[in-house]
Each structure stands twice: as structure tokens, then as C-alpha cells.
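Reading the structure
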Amino acid sequence: MARKRVIFLYQLSPILKSFYYLLFGLFPILLILLCQDKAELFALNTSNSEHSKAEILTQKGFKELEQGQVEAALHTWSVAYRIYQKLNDHEGIIGSLINQSLALKTSGSYLESCQTLTKALEIEDWICENPQFQQANVDAYKERLNQALQKQPALQVRVIGLKNLADLLRQMGKPDTSLLVLQKAFKMTKSLALESSNLNNELLLSQANTERVLYSQTKNKYEIIDEPIAKYKAFATAQSQINSALKLYQKLAIEQQSIAALPAQLNQLNLLLELEKWPAEAEINLQPRRQLVRDLVKKLLATPDQFQRLPAIDSIYAQLNLANSLGEISQNTQINQLLFTSKKNSLEIALSTAQKALSLAQKLDNERAESYALGTIGNIYSLLGQSFKSKQYLEQAMALAQALQAWDIAYQWQQQLGKFYQQNQDFHKATQAYAAAISSLEQVRGNILSVNPDLQFAFKDKVEPVYQEYINLLLSQVNPDLKQVIKVHEQLKLAELQNFLQCGKLPIFSGNEKQNSVKLPPIIYLIRTGGRIEEIVQTPQGNLYRHSIDLKLVNEPVNSLLKLVQNGQFYQAKNSDFLSYSQSLYQQLFAPIKKYLPESGTLVFVLDSYFQNLPLDLLHNGKKYLIESYSISISVSSHFLPSQALKPDRIEALIAGISQISPSFKDLLAPKNLNSLPQVIAEIANIKQNTKTVSLLLNQEFTDNNFRQKIKDDSFPIVHITTHGQFSSDPDQTFIMAWDHLINVRELNFLLRKHNERSVIDLLVLSACQTAKGDRRSALGIAGIAAEAGARSTLATLWLVDANSTAIFMGEFYKGLKNGLSKAEALRFAQLTLLSNPKYTSPYYWGAFVLVGAWN
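The following paragraphs examine the structure supplied in this document. For clarity, every value in this text was computed on a predicted model and none was experimentally measured.

1. A short note on the overall build of the protein
- Within the protein one finds 37 helices and 15 strands.
- Evaluated residue by residue, the protein yields a buried proportion of 60% over its 856 residues.
- Partitioning the contacts of the protein with sequence separation of at least 6, the portion at a separation of at least 24 is 73%.
- If you sum the accessible surface of the protein, you get close to 33400 Å²; carbon and sulfur atoms cover 49% of it.

2. Quick look at helix H11 (residues 175–191)
- When the terminal C-alpha atoms of H11 are compared, their 25 Å separation across 17 residues agrees well with the 24 Å that a helix rising 1.5 Å per residue should span.
- For H11, a buried count of 12 out of 17 residues is recorded, marking the element as mostly surrounded by other parts of the structure.
- Taken together, the buried positions of H11 are Pro175, Thr177, Ser178, Leu179, Leu180, Val181, Leu182, Lys184, Ala185, Phe186, Met188 and Thr189.
- In the segment just after H11, Ala193 is the residue with positive phi, at about 55°.

3. With respect to the packing of helix H13 (residues 228–253) against helix H14 (residues 261–275)
- One way to put it is that H13 packs onto H14 with a least axis distance of 8 Å and a crossing angle of 145°. Crossing geometry of H13 relative to H14 is assigned as left-handed. In this structure, H13 contributes Ile242, Ala245, Leu246, Tyr249, Gln250, Leu252 and Ala253 to the contact, and H14 contributes Ala261, Ala264, Gln265, Asn267, Gln268, Leu271, Leu272 and Leu275.
- Among the residues forming the contact of H13 with H14, the class breakdown is 11 nonpolar, four polar and no charged.

4. Considering the pairing of strand E5 (residues 630–635)
- Most of E5 sits inside the fold, with six of its six residues counted as buried.
- Of the two faces of E5, the one carrying Tyr630, Ile632 and Ile634 and the one carrying Ser631, Ser633 and Ser635 are both buried.
- Where strand E4 (residues 601–607) and E5 come together, six bridges link them in parallel fashion. When the bridges of E5 are listed, Thr602 appears paired with Ser631.

5. Here we look at the packing of helix H20 (residues 367–383) against helix H22 (residues 407–423)
- One way to put it is that H20 packs onto H22 with a least axis distance of 11 Å and a crossing angle of 25°. When the axes of H20 and H22 are compared, the pair comes out roughly parallel. Crossing handedness for the pair H20 and H22: left-handed. Where H20 abuts H22, its residues Arg368, Ser371, Tyr372, Gly375, Thr376 and Asn379 lie against Asp408, Ile409, Trp413 and Gln416.
- Among the residues forming the contact of H20 with H22, the class breakdown is three nonpolar, five polar and two charged.

6. As for the pairing of strand E8 (residues 718–722)
- Of all five residues making up E8, five are buried, and the element is well covered by its neighbours.
- Summarising the sheet, strand E6 (residues 652–657) and E8 pair through five bridges and their orientation is parallel. Bridging from a neighbouring strand, Ala653 pairs with Ile718 of E8.
- Pairing between E8 and strand E12 (residues 763–767): five bridges, direction parallel. Bridge pairing in E12 links Val719 to Leu764.

7. Topic: the environment of Gln416
- Within the secondary structure, Gln416 is located in helix H22.
- As a C-alpha pair, Gln416 and Gly375 span 41 residues in sequence and 9.2 Å in three-dimensional space.
- The residues contacting Gln416, other than those within four sequence positions of it, are Asn379 and Leu394.
- A polar side-chain atom of Gln416 sits 3.1 Å from a polar atom in the side chain of Asn379.

8. Examining the sheet that holds strand E10 (residues 735–737)
- Here we have four strands laid out as an open sheet, ordered E11-E10-E9-E13, and mixed in their pairing. Because the sheet does not close on itself, it has two edges, and the strands there are strand E11 (742–744) and strand E13 (770–771).

9. Quick word on the side chain of Asn267
- Within the secondary structure layout, Asn267 lies in helix H14.
- Since its relative accessible area comes to 0%, Asn267 is described here as buried.
- At 3.2 Å, the side chain of Asn267 forms a polar contact with the side chain of Asn209.

10. Brief notes about the pattern of salt bridges
- Within the structure shown, the criterion is met by 24 salt bridges.
- Across the pair Lys163 and Glu202 runs a salt bridge whose closest N-O atoms are separated by 4.0 Å. Here Glu202 lies in helix H12 (residues 198–224) and Lys163 lies in helix H10 (residues 156–171), a separation of 39 residues in the sequence. The burial state of Lys163 is the same as that of Glu202; both residues are buried.
- Overlapping salt bridges, with partners in common, bring together Lys163, Asp167, Arg170 and Glu202 in one network.

11. Describing the packing of aromatic side chains
- As enumerated under the stated definition, the model contains 21 aromatic pairs in all.
- Measuring from centroid to centroid gives 5.4 Å for Tyr317 and Tyr372, while their planes differ by 80°, and the two rings are edge-to-face. A residue pair is termed long-range when its members are at least 10 positions apart, and Tyr317 in helix H17 (residues 312–330) and Tyr372 in helix H20 qualify at 55 residues.
- The exposure class of Tyr317 is buried, given its relative accessible area of 1%.
- Assessed through its relative accessible area of 0%, Tyr372 is described here as buried.

12. Concerning the side chain of His724
- Along the chain, His724 turns up in the loop between E8 and strand E9 (725–727).
- Relative accessible area serves as the criterion here: at 9%, His724 is assigned to the buried category.
- Excluding anything up to four places from it in sequence, His724 contacts Phe665, Leu674, Asn675, Leu677, Ile736, Met737, Ala768 and Cys769.

13. Here's the deal with the state of the cysteines
- Applying the stated criterion to the full structure yields one disulfide.
- A disulfide bridge connects Cys114 with Cys128, and the sulfur atoms are separated by 2.1 Å. Residues Cys114 and Cys128 share a disulfide whose torsion about the S-S bond is about -85°; that sign makes it left-handed. Here Cys128 lies in the loop between helix H7 (110–121) and helix H8 (131–136) and Cys114 lies in helix H7, a separation of 14 residues in the sequence. For the pair Cys114 and Cys128, a shared accessibility class is recorded, and that class is buried.

14. Some details on empty space enclosed by the protein
- One pass over the structure, following the stated rule, counts five cavities of 30 Å³ or more.
- Taken as a whole, the largest cavity encloses approximately 290 Å³ of empty space.
- If you trace the largest cavity, you find 24 residues lining it, with Leu607, Gln612, Ile634, Ala779 and Val852 closest to the centre.
- Sorting the residues of the lining of the largest cavity by element identifies helix H27 (482–501), E4, E5, helix H34 (779–789) and strand E15 (849–853) as the ones contributing at least two each.
- The dominant element in the lining of the largest cavity, judged by the number of residues it contributes, is E15, at four residues.
- The residue inventory of the lining of the largest cavity, partitioned by class, reads 18 nonpolar, three polar and three charged.

What counts and how
Residues numbered from 1 in each chain as written. Predicted model: local features only at pLDDT ≥ 70, side-chain atom pairs only at ≥ 80, totals over all residues. Heavy atoms only, no water. Helix = DSSP H or I, 4+ residues; strand = E, 2+ residues; numbered from the N terminus. Buried < 20%, exposed > 50% of the residue type's maximum accessible area, 1.4 Å probe, protein only. Contact = heavy atoms within 4.5 Å. Areas by Shrake-Rupley, 256 points an atom, 1.4 Å probe, with all protein chains shown as cover. Expected span 1.5 Å × (residues − 1). Axes fitted to C-alpha atoms, helices over the stretch in contact; angles between N-to-C directions. Left-handed = near helix turned anticlockwise from the far one by under 90°. Nonpolar A, V, L, I, M, F, W, Y, C, P; charged D, E, K, R; others polar. Pairing = 2+ DSSP bridges. Parallel < 35°, antiparallel > 145°, perpendicular 65-115°, else oblique. Polar contact = N/O pair within 3.5 Å; in protein donor to acceptor, adjacent residues only side chain to side chain. Salt bridge = Lys/Arg side-chain N within 4 Å of Asp/Glu carboxyl O. Phe/Tyr/Trp six-rings, centres within 6.5 Å; stacked < 30°, edge-to-face > 60°. Disulfide = S-S within 2.5 Å. 1 Å grid on protein atoms, 1.4 Å probe; cavity = no way out; pocket = protein on both sides within 12 Å on 5 of 7 lines; lining within 4 Å. Points joined across faces, edges and corners; volume = space filled by probe spheres on them.

Purely geometric stuff here, so don't read any function into it on its own.
Written out as C-alpha cells, the structure is:
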């Protein structure tokens, strides 16, 4: 986290001071700095010195901000702004707004900070909107942004404003937009003949930092997706992005007189260390880069005075950045041996560097910087094996962060304290610390996209481990708190879904609705933790039961079954090809918990990502499939299990479908060799027979504009989409096909937004879609579409299904709904209808259908 602060604080202070010098001239500023309080008061009370008042207030604001007095700085700069307004000083007005945006960003008010900058630059504030708008409408967004930026006159103060806006947009999770803004700023510097200036170097540094965030975004994507081709593309893109960032850092690092040189060196160093964390299969050639790490560290340690030349607050974060990097180096034997005599030697230097930063933070009375410094020292003492000293510093760091409500840093110290208490067998305090860490993450989770790119694009490295460590801690105790295990697991599943969608906090159904709910059916949680699978059964009475399984016993049948069902030749498979896997999984996963369950009824499964694509219907006890005894529903969380059942007299549907070959079939992302879907006509006819009202968009009528308008004008409890599409653990490969183009998982949110403003979609049906080949986590795409649509329940398929049998299935499914069955029961009714048909007894025809969300 210290690294993150370095990235933007380094860039801002020198730039704002450059503006200050530009606006008022160096000599007047030096005079102001030398003024005593009485002189300042005299200046402020002199009727003909309005500019002097504004100058003094501007510098006062910088001092306040440096000391962590954010609200005071904002107020001071607001007063200066009003003076410049009175004087009609255009550049002074822009500068004061830039300063105010800096204070707002430091306080965490990112949206307001962005809106203040757009006011300064006279740009409409739609640029500050949620990044999902950008991702869903990339071309239109870029064109609109370019048109807005073209209107900017070439002024140096505007270059500074654009540079700050680019930095802010990057931190708001919009690195692509940040690059577009930087491109405009570079054009301005060229027209102003500033290519060799410090300002241009600062723009290059901002570009490098943005490339780095783009790399982090791509690496995060690489880690969550499973589809082989998309995974390879993500890896290649990440390599390109990291090389672009490294080249820019290298260029800036050698310009010793540039104010961007030191931050470039530090960011280059920890980016090189980041490469060490890539999995072995990535096959990155690290040796030349390790030599560069050695050279960078030697240069940084040989010239410690360069930190003193920085503004005080920048110096703090720069030193903490270096201390954290040295801590990482101490854990890498190969690099450490290139630089230091021992691991202890590198940590002692890291400790000394961090202590200097702490002393300066305390001198400034900047509590946020002080918390960073204390936490960094605590971590270094932990690496040194001095656990009790580590605990003392981490507790101080945590107390400060909590007092400041800086939850984005508090969770780190809470997590570290949890590890300490666990190692010392104090499980009570360990659980308290981890619970606090989770709570802190929950505090910022809704604002991850606008607060912290480290959390946004480093889910596997920084977010998921906190939940997993807490779950492991809870389960390690003699009598584990299973309710808390369930709660944390569900929180993790929601965070994982948000990471997939790159969105803020997902809405969950209200507590009032659950209070009036019918009794929940049995819920079965399957959780992979370390080398074990933990099953927790929650009965309708609220009783909890636990069963543990060695992962080795289920790993092979799970992998084999998933490989088989995702094979394009599954429809030709014989029972003997898959029954051994289905029976093995039944014996390992279901037989041990069957005693806690009724003989029939509905079961809800909350699945770990390891099991997401597993067709539970296919589990077999040697005599019959699981679906022959139970209706099955899948959920991300029990929070997504609302109470209101779909009423038979409310079976009204909007159906959108494509039966012919459409222009969208030629899209580059579309699967190859797609065929027409003539059975869609039969499917629609079967649905019409069993629904009260149907509104139809077929073929050329099913465009995104028509779909959006229909959603806006009418209210339908059911939205049924029958067309080609794809589900994947890669959100860019998750889409449905309208007539004119693909609708990806993010754009679907905007198509359905107007509907959800008036009434919630009770059931979203996605027919004729397929899973991405070789992607064992493609069900994440189904859950993503369900979440983006805001649907209570989503019916979809885990593999590409037969068109003729699907037409029959859908008719039977809607017949079940019409006869008053719950969604899960209607699903089972339709599946059993196919199973009883001699033509469709193979699980290929009926086993792919999965109900995600509410069962009723």
C-alpha cells in the first residue's frame, strides 16, 4: 500500500509546485515562505493585496495537506479559489480547483475529486462515471472523450490539470481512459515546446504508472480465467504491458536531474520484483532482470541524500517504498545473494529506512503516513523473527488506521496480527483480528473501483488470501464456528464475483424480504481449503453439520468428469464413460452427508470455484441420478435466495431469439462455424403454450436498441433469450448474440438497467448458449450474467446442448411453472421428462441445465 501512495503522491506534489511557480514566480514564493505569522496576517488584512492573500493561502494549503490536515487544506484552497474568482484570474481559478481535487482525492472522495478536475478543465463530468460504462461501450466512449479533449486550449496549467486527471482516472479503475487523457496532454506539451521539461517527464512517469496498472489488470485476468486461448492472450498482453512500463521507467531513471527519476527507479524496482511472483509455468526469463534489480538497489542505497531533496511527504512514501522492496528481496535468495551478505543484512537496511520515514511522518504529524510506516516496520520485524516487536508496531499502525477510518490499509495490519496470534496459539485474538480484516475489506469493497487499484487488480494476491486464511483458522479449531465459516465463504464468493465483473458492491436482497420468506431448503456448502474439501450442511431448522474429505479422493473424478462433459463428443459418450466418475463423486461428496438430508425435495448448493462447473445432477448412487431424488439449485450466497415465488398467473415473458444466421455470427469473438437455430421457432411455440403473455423479438427485431426499448417500456417477470452465446471465466468471452452484435456481460447491465429500476427480473433464461471450451470455471460467467442482470434466478447451460431436446425441455419447464412448481422443481420436471424419453436418456441432453439463484 505504501507503494501505491508513492505512485501518486510523487507525481502530484512536484507538479502542483511547478504550477505554483509558474503562476506566481519563484521569488514571491520564497518571500512568502520566509514570512512570519505577523507578516502573513498583515498581508491578509491589506486591502490592495488580494493576490498576496491567494498566494499565502495556496502555500498554506500545501503545508496543511503535507501534515495530513486534509479538510483544512480543502477549506484554505476554497478561500483562495473565491479570491481568484473575484479577481477574474482564470489560471488562478484553475489552479485552485486542481488543488481542491488533490485534497478531495487524499480524503478518499475520488468521484468528487474527479468532478472538481473536470470543472477546472471545463469538461463534462460524465468522464467520472463508473468504468463499466466505458467497458460496455468502448468505441463510443473513446470517441466522446476525444471530442471533449479536442476542445482543450494549449496552456501549461491545463497540461497539469490533464496530468492530474489521468492519475485520478487510473486510480478510479479507468487506466484506458487515463491513457487517452495523457495522449492529449502530450500533444499540448509538444505545441508548447515542453518536450524536454520536468513536466513532460512527469507525464512519462504517469504513462509508465498507467501501463503498470494495465499490466496488473491483465495479470488479474490471467489468474482468474481458465479458458486456455484467453489465458495465453492475457499472458502475452501482460508481457507487452510490463515491458512498456519498464522501458519508460528505465528512460526516466537515468535522467538524474529530473524530479521523476527517483520515483521511476523505485517503481521500476518493485515492478521487477513483481515479476518474481509469476507462476513457474509462465516461463519468464528472470535472470537479466535480477541483474537490473541489483544495479537499481545499489544506486538507491548509494545516494540516500536524494530522498532528502523530495518534499517531506513524498520522502516518507519513497523510503517506505524502498523498505518494502528490500523486505521482498530478503525473501528471494537468488536476488539477496547478489546484493547482501545475508537476509538479516538486507532487513536491517530496510528497518533503518522505514524508521527514518516514521520519524519524518511523526514530525509532520501525518497519521496516515505514520500508520504506513509503523505497519512497514512491523512487517520487517516479523521477517527478522522478532514477533513481539512486530506485534507492537502492527497494533499501533492498526489503531491509527482505524481512527482515520482508512480501511484500505487497516485490513493489512489486521491480517498480519491475525497471523501473529495464530502462530502464538491465541485463537480468540486471531479470529478477532481476521474478522476485523474482513470487515475492513467489506467497508471498501463497494468502492474498490474508485479507491484502490491494488485491491481492484490484485484479487488473488491481496484479497482472496485474507478470506482463505480466516476460513482455515476457523476450521482448525476443535469446535469451529460453522456459521462464521459460512459467512466468510459467502463473502469471498461475492468478492470473487465482483472481481470477475470489475464492479463495486453487488446488491443483495433486503433483510425485510428474507424475514417474510418461506423456510429455506437444505443448503450444502462445498469449500476447498488447502488439501481438503469441507462440506457444511445447513438444515431448514438451522442446524449445521460438517464433513471433511481429502482433496486427493475427489480431484481425479472431478477433473475427468469436467473434461468429459466439455468435450464436443460428449453426446456420443456411453454410460460406462462417465458413471464411474459420477458414482465416485456421489460416494465421496454426497453419501456421507445424506443422513442430514430428507429423502427428496430441493437442495441448494453454494460451490467453491473448484466445483463451479460440476454437473451435480449427474451424481449417481449406482441405481439412479441425484436429479431423480432432488431438485437442485446453485447459489453464490444465501443472500441471493429471496422469498417470493414466481406465481402461475405472472408467467409473462419477453422472448428474444435468433433462428437464422445473423451479422453477429461474424464477430471476431463469436465461436467459429455457428449454425442457424431453426428449432428456436419450436422452442418459442412451446413456451407460448404455457405462458400468460409473451412479447417477442425474433431475428432482425432482436437488436440491442429494440431490446433496450422493450425493457424500458414494459415490465416482465421473465426474460427468455434463445440464441447463440458463451459463458467463460473471462468476462470478455462471456456474451449473448443479438442480431446486430454481441452483448457482453457488462453491457447486459445497461440493457436491463431500466427494467430493474421498476421491477426485478424474477427469471432470466439463457437458451442455446455454450460454455467456453476447456474452461472449468465458465459457470462464473453464468453467475456474472445473473448478477449483472439483477435477476433473482438464471437458467443456463454448462455445455452446448442439443437444439431439438432443448425445445422440448423449455416447453416442459414452463409447463411446470404454469402448474405452480417452484423454478427448481420445474427444472427437475423438465429434466426427468427428457430422461424418460428413449431418445434423450443420455445426461448430455438433460444434465447441462443449471439454475443459479433463487430456487422458488
